[in-house]
Every structure is written in C-alpha cells, then in structure tokens.
Amino acid sequence: MNRIIDLLNHKNHYLEKFYSLNETELLNFAQSDFANLEEFYQTREKILETIRYIDSEIDQAQQQSEVQITDAQKREVGTCLAIKEEYVGRILSQDLEILACIEAAKSNIIRELQDIRKNRKAVGSYKSRQFVNRLDE
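Residues numbered from 1 in each chain as written. Predicted model: local features only at pLDDT ≥ 70, side-chain atom pairs only at ≥ 80, totals over all residues. Heavy atoms only, no water.

Trainee: Sorry if this is basic, but what is going on with the pattern of salt bridges here?
Mentor: Opposite charge on two side chains makes pairing possible when the charged atoms of those side chains draw close. Under the definition given, this model contains seven salt bridges. Taking the shortest distance from any N to any O, the salt bridge between E45 and R52 comes out at 2.8 Å. Overall, the relative accessible area of 46% leaves R52 in the partly exposed class. K84 is the partner of E85 in a salt bridge, and the nearest nitrogen-oxygen pair spans 3.0 Å. On the basis of relative accessibility, which here comes to 48%, the residue E85 falls in the partly exposed class. (Salt bridge = Lys/Arg side-chain N within 4 Å of Asp/Glu carboxyl O. Buried < 20%, exposed > 50% of the residue type's maximum accessible area, 1.4 Å probe, protein only.)

Here you go:
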C-alpha cells in the first residue's frame, strides 16, 4: 500500500508541475505572447505521458496488493486523492482560460487578415489601367 501512496504523491507532484506550467504560460498568453506555444504543448504532453505511466503503475500495484489497509493509510490515500481533485479542477479552469486566450488571438488574426484583404481590394480598384498601358507605349 505504501507503493500506491508513493505513486499518488508522485502523480500529484506532476499535476503541480502541469499547473505551474499552465500558470506561467497563461501570463504570456494574456499579453498576446504566443512565442512558446509549441514548446508549451510539447512539455504538457510529456507531463501527461508521465502521469499516464504513473496511473498504469498504480493499477499494477493495486492488482498486486492484497494487504490489509490501515486507517492511517486510508486517510493518506484520501488526502492524496483530494489534492489530485483540487489540481485537476484548477487545471481544467486554466485550460478554459488558455483556450479563451488562443481563441481571442485567432479571432484577431482573422480580423486582421480580413482588413488586409479589404485594403488590397480598395487599393486595387484605384489602379488605373490606362496609365499602365501608356507606360508600355
């Protein structure tokens, strides 16, 4: 059972890393700084892979464990699970904020591209075909 508790604590450690990474990058996104977006997603994916591995280790340890669980161990597992739930809730909230920042930036880019297209069209309508033809003569 101690192995499971250690793994749960290890998982919470990586959830904390994930939360901290999100928090740092959220500050950048709020300032429209998306320079580290690709690295951010790669780091998140690595942390998630580690968490999936820890989950598989917990499953294995649970299947192999047939020992009686003490009240202290039950409390410790309960505490670990409560911490995990807290981090998961916070991370979900952060992810919504991250998606909102990315969506706002995407909307701004689309708006800018539409403005550029309108401006090109307006400039194109002012070009004089006769002037170009006279230069060719």
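Trainee: Just checking my understanding: could you explain the packing of helix α1 (residues 2-30) against helix α2 (residues 37-64) for this structure?
Mentor: Two numbers describe a pair of packed helices, the interaxial angle and the distance between the axes. Their axes nearest at 10 Å, the elements α1 and α2 cross at an angle of 165 degrees. Looking at the two axes, α1 sits roughly antiparallel to α2. Read as a crossing pair, α1 and α2 show a hand that is left-handed. Residues that form the contact of α1 with α2 fall into these classes: 16 nonpolar, five polar and seven charged. (Axes fitted to C-alpha atoms, helices over the stretch in contact; angles between N-to-C directions. Helix = DSSP H or I, 4+ residues; strand = E, 2+ residues; numbered from the N terminus. Parallel < 35°, antiparallel > 145°, perpendicular 65-115°, else oblique. Left-handed = near helix turned anticlockwise from the far one by under 90°. Nonpolar A, V, L, I, M, F, W, Y, C, P; charged D, E, K, R; others polar.)

Trainee: Help me out: how do you make sense of the packing of aromatic side chains in this one?
Mentor: When we look at a pair of aromatic rings, we describe it by the centre distance and by the angle of the planes. Taken as a whole, this structure holds four aromatic pairs when the rule is applied. Ring pairs connect the aromatic residues F29, F34, F40 and Y41, which therefore count as one cluster. (Phe/Tyr/Trp six-rings, centres within 6.5 Å; stacked < 30°, edge-to-face > 60°.)

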